[in-house]
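# Observations on chain architecture
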Amino acid sequence: MRLIFIGPPGSGKGTQAKRLSERLDLLHFATGDLLRDAIRNDTDAGRLASTYVDAGQLVPDHVVNEFVKEVFSLKQGPEHFVMDGYPRTIGQAKWFDKFLKQEHLDLDAVIFLSVADEEIIKRISARWSCSQPSCRTTYNTASKPPKKAGVCDACGSALSQREDDKAETVRKRLDIFHASYDELLEHYRKQGMLVEVPGVGNIEDIYRSIEAALKQSVQAKA
Ligand code: AMP
């Protein structure tokens, strides 16, 4: 199965894409994680991407497309995958269409997880993690708060927020997302690929809705 997962930041797309990849045995391809790894490893591309990522802006298409090409070009390149956070612009989508065609890889569906903006801002600004690199325990002030505010239960270090999880940056990320995703969704709707699932409720229920919608979509195409 070859899938693209689209969802605003904080819609839960990462969690659901990971679950799909584990249960359907697909490669979970998250460009956000790849970019953060490159930044941590201080590679040329990482240095190029870091100013955009820290500011909550999209990394230029050619930089991200190059990351994707590199992974697909590996000897053990993915046959079955779920793209998480890519493509995010119409430019990336058109490039990826051509690339997949050239690699003889047909897409099965594009899943769109829809969640309202205010709900997203509430969810993301609740995310905190331990600032100690060897610990990094994560918390959520709504669903998994630390015993003492701002302090890690596991090691006692201060908690911090990812630069791009701060409320102001989240708003910016949502504006950017909205500016490009209407066109992106239309692109895949026209191809008959789009499967829309509401991303609200309990994680397993949302997963089941995704599975059911996917099954229906694949059967309709058969
Ligand atoms: P994510 O973890 O998917 O929310 O991505 C974190 C950050 O990485 C985004 O705010 C962007 O700066 C960057 N990023 C991830 N994927 C892409 C992409 N497909 N195109 C451009 N920038 C991206």
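Residues numbered from 1 in each chain as written. Predicted model: local features only at pLDDT ≥ 70, side-chain atom pairs only at ≥ 80, totals over all residues. Heavy atoms only, no water.

## Describing the pattern of salt bridges
Spelled out, the test is: The rule for a salt bridge is simple: a side-chain nitrogen of Lys or Arg has to be within 4 Å of a carboxyl oxygen of Asp or Glu. By definition, any uninterrupted DSSP run of H or I lasting at least four residues is a helix, any uninterrupted run of E lasting at least two residues is a strand, and each is numbered from the N terminus. Throughout, exposure labels follow a simple rule: accessible area from a 1.4 Å probe, protein chains only, divided by the maximum for the residue type, with under 20% read as buried, over 50% as exposed, and the rest as partly exposed.
Scanning the model with the defined rule gives 18 salt bridges in all. Put simply, R47 and D44 hold a salt bridge, and the shortest N to O gap is 2.6 Å. Residue R47 and its partner D44 are both found in helix α3 (residues 44-54); the two are separated by three residues, about one turn of the helix. With relative accessibility at 44%, the residue R47 sits in the partly exposed group. Classification of D44 by relative accessible area gives exposed; the value is 60%. Salt-bridge contacts for D165 lead to R127; the nearest nitrogen and oxygen are separated by 3.0 Å. Separated by 38 residues along the polypeptide, D165 in the loop between β7 (159-160) and α7 (167-190) and R127 in strand β5 (residues 127-130) bring together distant segments of the chain.

## Looking at the packing of aromatic side chains
Rules: Note on ring pairs: Phe, Tyr and Trp rings are taken, using the six-membered ring of Trp, and paired if centres are within 6.5 Å. Classes follow the plane angle, with under 30 degrees stacked, over 60 edge-to-face and the rest tilted. The criterion is that NZ of a Lys, or CZ of an Arg, lies within 6 Å of the ring centre and within 35 degrees of the ring normal, and then a charge sits over that ring.
All chains considered together, the criterion is met by nine aromatic pairs. Aromatic side chains F29 and F72 sit 5.7 Å apart centroid to centroid with 25° between the ring planes, which places their arrangement in the stacked category. Residue F29 is found in strand β2 (residues 27-30), and its partner F72 is found in helix α4 (residues 61-73); the two are separated by 43 residues along the sequence. You can call F29 buried: its relative accessible area is 3%. A relative accessible area of 7% places F72 in the buried class. Through successive ring pairs, a cluster of aromatic residues spans F29, F72, F81, Y86, W95, F96 and F99. The ring of Y207 has R23 lying over it, and the distance from NZ or CZ to the ring centre is 4.6 Å. Positioned above the aromatic ring of Y139, the side-chain terminus of K144 is 5.2 Å from the ring centre.

## Here's the deal with α7
In plain terms, the rule: Multiplying 1.5 Å by the residue count of a helix minus one yields the expected span of that helix. Bend, at a single residue, is the angle you get between axes fitted to the 7 residues ending at that residue and the 7 residues starting at it. Should any heavy atoms of two residues lie within 4.5 Å, those residues are counted as being in contact.
Spanning 24 residues, α7 covers 34 Å between terminal C-alpha atoms, matching the ideal 34 Å at 1.5 Å per step. In the structure, α7 departs most strongly from a straight axis at Y181, where the bend amounts to approximately 40°. Of all the residues in α7, the buried ones are T169, V170, R173, L174, F177, S180, Y181, L184, L185, H187 and Y188. Where α7 is buried, its residues contact β1 (2-6), α3, α5 (90-102), β4 (109-114), α6 (117-124) and β8 (194-198). In the stretch just after α7, G192 is the one whose phi turns positive, near 70°.

## Re the sheet that holds β5
Formally: The criterion for strand pairing is that DSSP finds at least two bridges linking the strands in question.
The strand order β6-β5-β7 describes an open sheet built from three strands, whose pairing is antiparallel. Only two strands of the sheet have a single partner each, and these edge strands are β6 (138-140) and β7. With three bridges connecting them, β5 and β6 associate as antiparallel partners. In the sheet register, S129 faces β6, and the bridge partner there is T138.

## Structural notes on the sheet that holds β4
Quick reminder of the rule: For every element, the axis is a line fit to its C-alpha atoms; helices are fit only across the contacting stretch, and the angle between N-to-C directions ranges from 0 to 180 degrees.
The strand order across the open sheet built from five strands is β2-β3-β1-β4-β8, with neighbouring strands paired in parallel fashion. Two strands in the sheet have a free side with no partner beyond their single neighbour: β2 and β8. Strand-to-strand twist across the sheet, computed as the mean angle between neighbouring axes with direction ignored, equals 20°. Alignment of β1 against β4, held across four bridges, turns out to be parallel. By the bridge assignment for β4, I4 is matched with V110. Sheet strands touched by helix α2 (residues 31-40): β2 and β3 (81-84). Its angle to β2, the strand with the most contacts, is close to 65°. Strands β1, β4 and β8 of the sheet are contacted by α7, whose axis makes an angle of about 150° with β1.

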